[in-house]
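Close look at the chain arrangement
Next come the chains, spelled out residue by residue.
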Amino acid sequence: MRTAQLLAIFIFIDNNESQKDEEEEQKNEILIGNEDEDYNNEIRKDKGKGIIEQISTGEGKSAIISCLVAFYGLRNHKIDIITSSRTLACRDSLEFKEFYQIFNLVSDFVKDYQPGPYKADITYGTFLDFEGDLLEEISSNKIIRGERPFDIVIIDEVDNAFIDCIQGSTQLTHSSKGYQFLIPLYVSIYLFVDLLDNAYLEQSMKKYEEIMAKEEYKNLDENSKKNIFEQINDNFERKDVFLNYIKKFFEDMKQDMIEKNPNDAAELQKVDEDHVEKVFGVMKEAQSPEGLKKYLGVPKFLNDFIQAQLNLWANSAFCAKNIYKREKDYTISRKGHDGYKNITPIDRKNTGELEFNTVYRNGLHQMLQIKENLRVKSETLTHTFLSHISYFIKYKKKNFFGLTGTIGGKETHSIYKRDSFNSNLVFIPSYMAKRFIELPAIICEENFDEHINKICDEIFFHFSKGRKILIICKDINEGINIDNQLKKKEFFDKDPTIISNIFLYVRNDIDDLEEELSKTHKRIIISTNLGGRGTDIKTTQSQEKNGGLHVILTKLSSNSRTQMQAFGRTSRQGNKGSGQYIITKKKNLIKKEI
């Protein structure tokens, strides 16, 4: 439909506000675009229900939302549009701003604790944005949302909100006085766990080398060797290992001091296992309230809190050292308002966004700061929270519209129809045939170099054909490795233009992000889930002649919706496109008995 036709429809609607409610409902049905008479009859019976629509990716979901917004905006409704990320909220608000101005409607997107956006007719944001502002207003008596009603709500990428993040919530935290005295305790716990892990690793390696020296194990493949090492780890008692490690540490230290101070050899020889026991005695004493005050300067009023949290902090220290990986689970953000860099969690499983307003709980944030040699900030405690569902039910169900390109299968349909959401499902047929080709998956051995090299070979193959390529990696680290590999001499010698054609899109804090994404001359986009849901990548006519956009996924998707969202970046609006998995074999789970 041309812009002039669209304007004519809205002008007609605006000039007939006094028509009956029944006619208004019929226009609403026309706007949502369903031609199924049985469905229309069902909607008339269920007037109190919301509507969730599936519209194929690339077929104008954002434009449909803007029409729906204008329709209700002309009737003096206030519309809240909830998206899956701040990046999309900002993009759509700015993109449709001029369109809304035609109808004298004002749009804006939520900014941290600022009342301005809520005065607009149309406000974009995420669940975290809307919930955070509401909680801040309630807890601090600030006027942020003010008198804005919970009127019309439109949820873009509704499957992300109701399926992937259904248990999500927004929490407000605060730092209590005296918590800065806990920082030396965090450091002590982290160093203790680090020492324990070193002892554990040393004993495991010793046992592993003894086993590998046997003739029957010499010709094992790498996966089998790895499984044997993991089984050794499972069989060790950490307490005994740590005690032996400490004894060995003291013995080595004693010998070193004797060599450096031969005149004191007689005295140093007296350092025996009794000294080790004394060390353990000090460590045990340090766990008591008196010891915390004596050795770490922790005030007595924190004793009960420490005893309640000690096991959680120890677990956080272990996770920080061994499980949470930089550029995978978190990254180090640029300097903040306080002039210091900080740990920023990554929403790796869903949007791939950097979550700047999120902190890890139970000391994990502090342990990661210690691990990365950053300034350690005081731990904060949650004083109020609001779940996504609790926020959503503040709106009337009949005023709810949800849109997505991937509603999902039958198991997800039941979730949408629960009492909390109570919505009808609508499936809008595609208006253009999909010209998408899924190429056979490439499965590599579980070898890091082989996997990266194969991905780069496929990228270069499609690049040499004049196509545009989007690579969706499992995490930031993998994206950086692919970027580095493509810039090596072997690819540069084949085509010197390849370096200038690479855009590394693994962080959402890039300056002029939308401008970079819109540059069609950059033909290789290396990304994470950031490049999946909601990203619109343009192609030129010459790129379409050569096959359009090719999408490469480097890991298996967690569900069919994630795969559809990733491959949905290509073959949009009748264009050509293709997609392909390049993955590694799963780890062999069969362990050989030792």
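Keep in mind the model is a prediction, meaning the values are calculated, not measured.

A separate point is the overall build of the chain. When helices and strands are tallied, the chain shows 24 helices and 18 strands. Taking all 594 residues of the chain together, the buried fraction comes to 46%. When contacts within the chain are restricted to residue pairs at least 6 apart in sequence, those whose partners lie at least 24 apart make up 73%. When the accessible surface of the chain is totalled, it reaches about 31300 Å², and 51% of it is carbon and sulfur.

What follows covers the sheet that holds strand β10 (residues 400-404). Read from one edge to the other, the open sheet built from seven strands follows the order β3-β4-β2-β5-β10-β1-β11, with strand pairing classed as parallel. The open sheet has two edge strands, β3 (107-109) and β11 (423-428), and neither has a second partner. Geometrically, the sheet is characterised by an average inter-axis angle of 20 degrees between neighbouring strands, direction not taken into account. Across three bridges, β3 lies against strand β4 (residues 122-125) in parallel orientation. Paired with D108 across the strands is T123, a residue of β4. Relative to β4, helix α7 (residues 127-140) is tilted by about 110 degrees, and along the sheet it contacts β2 (79-82), β4 and β5 (152-156).

Another point: helix α20 (residues 476-486). Along α20, the positions that sit buried rather than exposed are I476, E478, G479, I482, D483, Q485 and L486. Looking at the buried residues of α20, the elements they touch are α19 (448-464), β14 (468-472), α21 (489-494), β15 (502-505) and β16 (524-527).

Considering all chains together, one arrives at 14 salt bridges under this definition. Taking the shortest distance from any N to any O, the salt bridge between R145 and D80 comes out at 2.8 Å. On the criterion of sequence distance, the pair formed by R145 in the loop between α7 and β5 and D80 in strand β2 is long-range, its members being 65 residues apart. There is no split in this pair, since R145 and D80 are both buried. When the shortest N-O distance is used, the salt bridge between D329 and R348 registers 3.3 Å. Here R348 lies in the loop between β8 (343-345) and α16 (364-371) and D329 lies in the loop between α15 (303-322) and β7 (330-332), a separation of 19 residues in the sequence. Residue classification places D329 among the buried residues on the basis of a relative accessible area of 14%.

Angle between the axes and distance between the axes: these two values describe a pair of packed helices. One can describe the packing of α19 onto α20 by two numbers: an axis separation of 10 Å at closest approach and a directional angle of 60 degrees. Overall, the two elements α19 and α20 adopt an arrangement that is oblique. Note that α19 runs across α20; the crossing there is right-handed. Residue-level contacts link F448, H451, I452, N453, I455, C456 and I459 of α19 to E478, N481, I482, Q485 and L486 of α20. Its residues assigned to classes, the contact of α19 with α20 comprises seven nonpolar, four polar and one charged.

It is worth spelling out empty space enclosed by the protein at this point. Tallying each qualifying case throughout the model produces three cavities of 30 Å³ or more. In this structure, the largest cavity spans a volume of roughly 70 Å³. Taken together, the residues of the lining of the largest cavity sort by class into four nonpolar, three polar and five charged.

Time to look at the confidence of the model for the chain. This prediction gives the chain a mean pLDDT of 77; 71% of its residues lie at or above 70. Ranking the helices and strands of the chain by mean pLDDT puts β2 first, with 95, and helix α2 (residues 21-32) last, with 43. Segment residues 12-45: pLDDT under 50, and 37 contacts once partners within four positions in sequence are set aside and those in other chains are kept. Across residues 587-594, confidence stays below pLDDT 50; counting only partners more than four residues off in sequence or on other chains, it has 18 contacts.

Another aspect to go through is the side chain of D129. On the secondary structure map, D129 appears in helix α7. Residue contacts for D129: discarding those within four places in its chain leaves R86, V110 and Y118.

A positive phi angle, close to 65 degrees, is found at N76, a residue other than glycine. Within the element layout of this structure, N76 appears in the loop between α4 (61-73) and β2. Of note, the phi angle at N141 is positive, near 60 degrees, even though the residue is not glycine. Position of N141 relative to the elements: it lies in the loop between α7 and β5.

Summed over all chains, the structure comprises 23 aromatic pairs. Consider the rings of F305 and W313, whose centres lie 5.7 Å apart with planes at 70 degrees: the pair is edge-to-face. The same class applies to F305 and to W313, which are both buried. When the centroid spacing of 5.7 Å and the interplanar angle of 75 degrees are considered together, the rings of Y391 and Y395 count as edge-to-face. Three or more aromatic residues link up through ring pairs in this structure, and these residues are Y118, F127, F130, F150, Y391 and Y395. One cation-aromatic arrangement involves R75 over F71; the distance from NZ or CZ to the ring centre is 5.0 Å.

Basis of the calculations
Residues numbered from 1 in each chain as written. Predicted model: local features only at pLDDT ≥ 70, side-chain atom pairs only at ≥ 80, totals over all residues. Heavy atoms only, no water. Helix = DSSP H or I, 4+ residues; strand = E, 2+ residues; numbered from the N terminus. Buried < 20%, exposed > 50% of the residue type's maximum accessible area, 1.4 Å probe, protein only. Contact = heavy atoms within 4.5 Å. Areas by Shrake-Rupley, 256 points an atom, 1.4 Å probe, with all protein chains shown as cover. Pairing = 2+ DSSP bridges. Axes fitted to C-alpha atoms, helices over the stretch in contact; angles between N-to-C directions. Salt bridge = Lys/Arg side-chain N within 4 Å of Asp/Glu carboxyl O. Parallel < 35°, antiparallel > 145°, perpendicular 65-115°, else oblique. Left-handed = near helix turned anticlockwise from the far one by under 90°. Nonpolar A, V, L, I, M, F, W, Y, C, P; charged D, E, K, R; others polar. 1 Å grid on protein atoms, 1.4 Å probe; cavity = no way out; pocket = protein on both sides within 12 Å on 5 of 7 lines; lining within 4 Å. Points joined across faces, edges and corners; volume = space filled by probe spheres on them. pLDDT = per-residue confidence, 0-100. Phe/Tyr/Trp six-rings, centres within 6.5 Å; stacked < 30°, edge-to-face > 60°. Lys NZ or Arg CZ within 6 Å of the ring centre and 35° of its normal.

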